[in-house]
Amino acid sequence: MFFHIVLERNMQLHPRFFGRNLRENLVSKLMKDVEGTCSGRHGFVVAITGIESIGKGLIRDGTGFVTFPIKYQCVVFRPFKGEILEAVVTLVNKMGFFAEAGPVQIFVSKHLIPDDMEFQAGDMPNYTTSDGSVKIQKECEVRLKIIGTRVDATEIFCVGTIKDDFLGVINDPAAG
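Residues numbered from 1 in each chain as written. Predicted model: local features only at pLDDT ≥ 70, side-chain atom pairs only at ≥ 80, totals over all residues. Heavy atoms only, no water.

- Looking at an unreviewed UniProt entry, one finds the protein named DNA-directed RNA polymerase subunit and attributed to Camelina sativa.
- As recorded by UniProt, the Sequence similarities (unreviewed entry) comment attached to the protein reads in full: "Belongs to the eukaryotic RPB7/RPC8 RNA polymerase subunit family."
- The Subcellular location (unreviewed entry) comment attached to the protein in UniProt states, word for word, "Nucleus". (UniProt positions renumbered as here; feature names shortened; annotations may be inferred.)

Right, dumping it as structure tokens:
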């Protein structure tokens, strides 16, 4: 799920970036350092949408660097248990498959895939129904439900299922 939240960060800036473009330099450094990162508490920072305030700088003794406290608004993505996501399959093996929904990697075990789907090994491993009408393979899109999350300091891992109503393959590029 996406959230629009306010976060704070202390940014260090080298004296060579001081001058009339100080604010622009701080904002560009903030975007470069923060966008695309993950914190276990808030999730993945997708984009910075605005700057609320930039505090007074504090000179670091001995280095000349200045630390500025910055309060900024950003969009974050954090998956929750029970959430339905659309994801792209990245790897299929006999244990299940991995899929990605944006920056989040989701594992779907073979026990959480419908019973009528069998693993087919070969040059393009996949899970196929007995009649061959549905095939889960690399690059196909699936709708899945998150049944568990594990949060580290810098990453979020998820376990999902497609063994439920209205879940499964939604777009198979190999079929079309």
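Some thoughts on the UniProt feature "domain: S1 motif" (unreviewed entry) in the protein
Thinking step 1. As annotated in UniProt, the feature "domain: S1 motif" (unreviewed entry) corresponds to residues 79–156 in the numbering used here.
Thinking step 2. Here residues 79–156 runs as 0% helix and 58% strand, with 8 Å between its end C-alpha atoms. (Helix = DSSP H or I, 4+ residues; strand = E, 2+ residues; numbered from the N terminus.)

So, the pattern of salt bridges
Thinking step 1. Per the stated rule, a full pass over the model turns up 5 salt bridges.
Thinking step 2. With its nearest N and O atoms 2.8 Å apart, the salt bridge here joins Glu86 to Arg143. In this pair, Glu86 sits in strand 6 (residues 84–93) while Arg143 sits in strand 12 (residues 141–151), placing the two residues 57 residues apart along the sequence.
Thinking step 3. Among the residues examined, Glu86 registers a relative accessible area of 48% and is labelled partly exposed.
Thinking step 4. Under the relative-accessibility criterion, Arg143 is labelled partly exposed at 26%.
Thinking step 5. Measuring nitrogen to oxygen at the nearest pair gives 3.2 Å for the salt bridge that ties Lys163 to Asp115. Of this pair, Lys163 sits in the loop between strand 13 (156–161) and strand 14 (168–171) while Asp115 sits in the loop between strand 8 (104–109) and strand 9 (117–120), and the two are 48 residues apart along the sequence. (Salt bridge = Lys/Arg side-chain N within 4 Å of Asp/Glu carboxyl O. Buried < 20%, exposed > 50% of the residue type's maximum accessible area, 1.4 Å probe, protein only.)

A short note on the sheet that holds strand 9
Thinking step 1. With antiparallel pairing, 3 strands are arranged side by side in an open sheet as 9-10-11. Two strands close off the open sheet at either side, each with one partner strand: strand 9 and strand 11 (135–137). Strand-to-strand twist of the sheet, defined as the mean angle between neighbouring strand axes without regard to direction, takes the value 20 degrees.
Thinking step 2. Two elements, strand 9 and strand 10 (residues 126–129), share 4 bridges in a ladder whose sense is antiparallel. Among the inter-strand pairings, Met117 is bridged to a residue of strand 10, identified as Thr129. (Pairing = 2+ DSSP bridges. Axes fitted to C-alpha atoms, helices over the stretch in contact; angles between N-to-C directions.)

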